[in-house]
Amino acid sequence: MLSNLQILRAFAALNVVLFHIIEIGGEQGFAIPALEFLRGWGANGIDIFFVLSGFIMVYIAELRPRKPVAFLHSRAVRIVPIYWILTGVGFVAILLTGDFRGEPLAVEAVLASFLFLTRWTTLDMPILYVGWTLEWEMMFYLIFGLCLLFKNKTVQFILPLIILSGLVVFAGQDSIILEFGFGMIIAKLSKLTWAKSYAGLLTLAGTALLLASIWIKPDLPQPVLWGLPSALLVLGLVNISQWKFRLGEHLGDASYSIYLIQVFTIPVFYKIAEKTVPELSPLFLAIACLAGTALAGSLFHLVVEKQVQKLLGRKKKTVKPAYDVARLKSATSVSR
């Protein structure tokens, strides 16, 4: 069971939440001097998510080969319903407040938000501003799924890497999408003897590089600054002893809901704090907001996300031998 990756997902989601708490708290008059050294750093949770996505897609595909339609359907069922539900909530909130980031909400902005297309149009951000990452995720799933049309396993692996690289080099797209490729590559590397032998060192190296970037901020592309350390970390965590930490694993399960729900919980929390307890320590409020967002996301995961998945009838298929069933169950649980 890849419980380490579940826990890493939890860390990534909470790190992004903390990143937004520091930013939004400051905008709302609750600047957090004690956390100023972390300003901007929590964005690396996105890099971890992208590397994990690339890794898990290859990991699952090798355990349970699927046709393109089945693969894309499974990804859509996993991502789309919850995103649409919360985008709908955001849409209603915008209608009630009367503006969308300071200007009227256009029909094309609504359609682009629901269709994961704002990054491919002249629009800036979707209704759920964190949804920009999901638009890249959906693009990657589409590329990976269509490449499954080819029967040759090497082509299935190499072609997505070529397309991702081409989008960056020739189409000028954000280089962060290369991190999906990093994840795909380490899925292959994770099976090699040296990766297993040096798993502890790889984990330590990835962790050290991520932590060092808190204080050392070289002018490097994001895939180099955070993507490569994330890849080293994932490569190491796959092969070291799997840590059993139930709370971490639960938060990993709920990480998608936590990631989306923060769009609502953080501003609402600070609006309430501003009117009721403005004298409280900003650090205490930040911790409370982080815990509250994790709790809200966990509840949404249990009450809504899991029920929607059941309603849509996600089927669990078995793979022989039994060892692979355990690996497949773990891989499926850590995929977005």
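Residues numbered from 1 in each chain as written. Predicted model: local features only at pLDDT ≥ 70, side-chain atom pairs only at ≥ 80, totals over all residues. Heavy atoms only, no water.

Below, the discussion takes up the side chain of S213. Tracing the backbone shows S213 in the loop between α9 (199-212) and α10 (222-239). Within the local environment of S213, its side chain forms a polar contact with the side chain of W41, the two groups lying 2.9 Å apart. (Helix = DSSP H or I, 4+ residues; strand = E, 2+ residues; numbered from the N terminus. Polar contact = N/O pair within 3.5 Å; in protein donor to acceptor, adjacent residues only side chain to side chain.)

Moving on, we come to the nonpolar core. By size, the foremost hydrophobic cluster in this structure holds 94 residues, and its most contacted members are L5, F55, F144, I177, V234, L260 and Y270. Considering each element in turn, this core owes the most residues, 14 residues, to helix α2 (residues 44-63). Excluding its chain neighbours within four sequence positions, the residues that come into contact with V234 are L5, L8, V51, L52, F55 and I186. (Core = buried A, V, L, I, M, F, W, Y, C linked by side-chain atoms within 4.5 Å. Buried < 20%, exposed > 50% of the residue type's maximum accessible area, 1.4 Å probe, protein only. Contact = heavy atoms within 4.5 Å.)

We now examine the environment of A205. Topologically, A205 is positioned in helix α9. For the pair A205 and V92, spaced 113 residues apart in sequence, the C-alpha to C-alpha distance is 45 Å.

Two elements in contact, helix α1 (residues 3-27) and helix α12 (residues 255-276), have axes whose closest approach is 10 Å; the angle formed by their N-to-C orientations is 20°. Taken together, the axis directions place α1 and α12 in an arrangement best described as roughly parallel. As for how α1 packs across α12, the hand of that crossing is right-handed. Within the contact between the two elements, α1 uses R9, A13, L14, V16, V17, H20, I21, I24 and G25 and α12 uses S255, Y256, I258, Y259, Q262, I266 and Y270. Considered class by class, the residues forming the contact of α1 with α12 number 11 nonpolar, four polar and one charged. (Axes fitted to C-alpha atoms, helices over the stretch in contact; angles between N-to-C directions. Parallel < 35°, antiparallel > 145°, perpendicular 65-115°, else oblique. Left-handed = near helix turned anticlockwise from the far one by under 90°. Nonpolar A, V, L, I, M, F, W, Y, C, P; charged D, E, K, R; others polar.)

Notably, F116 is not glycine yet its phi reads approximately 60°, a positive angle. If you trace the backbone, F116 turns up in the loop between α4 (107-114) and α5 (131-147).

What follows covers α4. Among all positions in α4, only A109, V110, A112 and S113 are buried. As for α4, its buried residues are in contact with α3 (68-97) and α5. Following α4 by one or two positions, F116 adopts a phi angle in the positive range, close to 60°.

A separate point is the packing of helix α6 (residues 153-169) against helix α7 (residues 178-189). Their axes nearest at 9 Å, the elements α6 and α7 cross at an angle of 155°. What the angle tells us is that α6 and α7 run roughly antiparallel. Seen from above, α6 lies across α7 with left-handed handedness. Contacts from F157, P160, L161, L164, S165 and V168 of α6 reach α7 at L178, F180, G181, M184, I185 and K188. Class assignment for the residues of the contact of α6 with α7 results in nine nonpolar, two polar and one charged.

A few words on the confidence of the model for the chain. Taken residue by residue, the chain gives an average pLDDT of 90. The fraction at 70 or more is 90%. For residues 316-330, every residue scores under 50 in pLDDT, and the model assigns this stretch 17 contacts once sequence neighbours within four places are set aside. (pLDDT = per-residue confidence, 0-100.)

To continue, consider the environment of Q156. Along the chain, the position of Q156 falls in helix α6. A C-alpha to C-alpha distance of 32 Å links Q156 and H250, two positions 94 residues apart in sequence. If sequence neighbours within four positions are ignored, Q156 has contacts with C147, L148, F150 and K151.

Together, V107, L111, L115, L117 and W120 make up a nonpolar patch on the protein surface, roughly 490 Å² of accessible area in all. Topologically, L117 is positioned in the loop between α4 and α5. (Patch = residues over 30% accessible without salt bridge, like charges linked within 9 Å, V, L, I, M, F, W, Y side chains within 5 Å. Areas by Shrake-Rupley, 256 points an atom, 1.4 Å probe, with all protein chains shown as cover. Salt bridge = Lys/Arg side-chain N within 4 Å of Asp/Glu carboxyl O.)

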